[in-house]
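Below are the chains, spelled out letter by letter.
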Amino acid sequence: MSPTSSMPGGDKANPADLLVVGGGVNGTGIARDAAGRGLSVILCEKSDLAGATSSASTKLFHGGLRYLEYFEFGLVREALIEREILLKSMPHIAFPMRFVLPIDENLRFPEHGSSFARLMSIVPFLGGRRPPWITRTGLFLYDHLGGRENLPPTRTLDLKSHPAGRALKPIYSQAFEYSDGWVDDARLVVLNARDAANRGATILTRTRLDGAERRDGLWRATLSDANGGANRTVFARALVNAAGPWVEDVLHQKLRQISSEGVRLVRGSHIVTRRLFDHDQPYFLQLEDGRIIFAIPFHTDFTLIGTTERDHTGDPGQAACSDEERDYLIKAANRFFRRQLTVEDVVWTYSGVRPLYDDHADDATAATRDYVLTVSDEKGKAPLLNVFGGKITTFRHLSEEAMHKLQPWFAGMKSDWTETARLPGGDFEFGGVPRLVAELRAKFAFLDEGWATRLVRAYGTDATELLGGARKAEDLGEVFGATLTAREVGWMVEREWARTADDILWRRSKLGLRFSETGRAELADYLERRRPN
């Protein structure tokens with residue numbers, strides 16, 4: 001089903017089974033799972049898909065190594081199991097990486113850290129030091145908690161001879177190397193939405209929930225077009241509140257419901273710099289204040305560094321990386337790398353607000369990354385499911401659990417299916433990107449290696465359909481810059497709900513890193529001209 005398809009059902013005589021509020025990773029994941037079980041689904045998102053938190057992550061499928069210090073063993077185990085499943089289900093937008101964790105013999109436990117860190121800081125024979133064997137023990141657990149299948153285990157590196165050592169200061173002579181995964185977070189959301197639509201769901205972007213109430217055993221919801229279009233009223237048998245940072249606003253203001261559950265808004269900011277090292281392995285860096293940051297190869301010519309963690313107040317949609325956060329990340333990176341970064345090296349910053357389940361932890365770093373799903377099950381009333389918290393790696397399992405909670409209201413619902421399903425474009429073998437790139441170049445001789453790789457990494461096997469019968473680059477229409485053509489823009493608009501230049505340059509892709517303001521303006525003008533009156 002294309003984004004322009006008419007909406008099935010949703011009226012009182014033919015209500016949808018599910019109305020999902022929120023077009024982030026959890027909302028689209030739930031919509032996809034429900035549609036695949038045979039339910040009729042409507043999803044509304046007030047801005048763009050992945051318009052907030054879900055496009056502002058550190059772009060990792062990971063168990064959360066540092067969460068072991070907070071004794072979150074269940075969460076880490078679940079995330080590690082999911083990491084294996086997800087890497088196989090979307091091999092175009094996700095892939096394994098070998099992280100380098102430099103060993104600092106002088107690292108100490110912070111005074112204010114996890115319960116484990118505070119305990120270890122008073123162990124007499126340690127004298128406050130954090131010896132490498134503690135980190136190695138954590139990595140051993142990390143290797144074995146989640147039933148690792150496709151990823152190699154931890155090993156120790158000699159940084160004097162390993163390529164990863166060249167970028168680091170000479171005081172770092174050894175490192176641990178362990179496995180985790182990379183994911184294009186925004187494209188994950190878009191592909192979830194595409195798969196949901198392919199299975200019959202209706203995806204409504206730029207569509208705000210103004211309010212909803214229970215009436216005659218159904219939810220009656222009023223939706224409004226953010227671009228000034230007509231309001232519409234839809235009916236659904238169940239409502240899912242997956243509004244991310246706005247989950248409490250939807251719950252209390254739009255639905256007029258009372259709940260003791262809530263979220264803690266934690267801002268995570270990142271910087272992107274010019275390429276900081278000349279290899280493709282990321283770094284996991286332990287800081288003196290007890291926090292960690294990552295330095296990750298990013299779209300060939302850049303390095304992604306983050307994240308900070310600060311409690312956030314104000315509109316989550318206006319989150320931005322502050323100068324203080326930017327400088328903190330620069331200073332943290334400069335502690336490790338030979339090349340010293342300055343503000344002039346920063347080419348982009350971004351920030352997102354994580355809606356962490358409020359467990360009343362002392363500080364933002366200690367707040368749980370686990371999720372809580374609640375269902376109002378008042379007899380005779382249409383159910384409401386609220387999603388509090390969560391992390392990108394557990395979205396599929398969260399979605400599955402959400403459907404289990406709604407099972408009593410949908411007796412004929414089909415069984416679990418997403419564990420072995422592929423996302424659109426992901427129907428090829430784990431690790432098969434080089435083969436796919438070679439096949440694409442053989443079929444479309446005008447593609448160079450970089451262009452073909454970008455298309456495969458974004459679209460997987462769908463790249464062939466996108467290029468269609470093109471025999472030369474000119475067949476793809478106007479070129480806006482950085483290999484972005486009118487043909488690809490059309491695909492994003494017609495199949496991926498893109499409407500604006502930012503949708504295309506910063507969420508459907510990261511080509512904004514390579515676009516000038518002039519190129520962006522030309523793209524925006526093109527989109528305006530092709531938009532129906």
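Source: prediction; values computed, not measured.

The rules behind each value
- Residues numbered from 1 in each chain as written.
- Predicted model: local features only at pLDDT ≥ 70, side-chain atom pairs only at ≥ 80, totals over all residues.
- Heavy atoms only, no water.
- Helix = DSSP H or I, 4+ residues; strand = E, 2+ residues; numbered from the N terminus.
- Rg over C-alpha atoms; globule rule 2.2 N^0.38 Å.
- Buried < 20%, exposed > 50% of the residue type's maximum accessible area, 1.4 Å probe, protein only.
- Phe/Tyr/Trp six-rings, centres within 6.5 Å; stacked < 30°, edge-to-face > 60°.
- Core = buried A, V, L, I, M, F, W, Y, C linked by side-chain atoms within 4.5 Å.
- Polar contact = N/O pair within 3.5 Å; in protein donor to acceptor, adjacent residues only side chain to side chain.
- Contact = heavy atoms within 4.5 Å.

Chemist: What is the right way to look at the overall build of the chain in this model?
Modeler: For the chain, the count of helices and strands is 14 helices and 20 strands. What you see for the chain is a C-alpha radius of gyration of 23 Å, in line with the 24 Å of a compact globule of 533 residues. Its C-alpha atoms put the chain at 70 × 60 × 40 Å along the principal axes. By residue count, 59% of the 533 residues in the chain fall in the buried class.

Chemist: How should the packing of aromatic side chains be read in this particular structure?
Modeler: Ring pairs (aromatic) are described by centroid distance and by the angle formed between their planes. Summed over the entire model, instances satisfying the criterion amount to 18 aromatic pairs. Seen in terms of ring centroids, Trp348 and Trp506 are 4.3 Å apart; in terms of plane orientation they differ by 25 degrees. Their pairing is stacked. Note that Trp348 is positioned in strand S16 (residues 346-357) and Trp506 in helix H13 (residues 501-508), a separation of 158 residues in sequence. Residue class for Trp348 comes out buried when judged on its relative accessible area of 17%. Among the aromatic side chains, those forming a connected cluster through ring pairs are Phe99, Tyr142, Tyr178, Phe284 and Phe294.

Chemist: Looking at this structure, I do not really get the nonpolar core. What am I missing?
Modeler: The tendency in soluble globular proteins is for nonpolar side chains to be buried side by side. In terms of nonpolar packing, the biggest core is built from 47 residues, with Leu18, Ile30, Val41, Met90, Leu188 and Ile203 touching the most fellow members. Here the element with the most residues in this core is helix H5 (residues 185-198); it accounts for eight residues. In this structure, Phe444, Leu447, Leu484 and Ile504 belong to the second largest nonpolar core, which totals 34 residues.

Chemist: Would you mind showing me how to read the side chain of Arg508 here?
Modeler: Mapped onto the secondary structure, Arg508 falls in helix H13. According to the relative accessible area criterion, Arg508 is buried, its value standing at 1%. One polar contact links Arg508 to Asp48, side chain to side chain, over a distance of 2.8 Å. Sequence-distant contacts of Arg508, that is, excluding residues within four places in its chain, are made with Asp48, Leu49, Arg187, Val190, Met492, Glu496, Trp497, Ala498 and Asp503.

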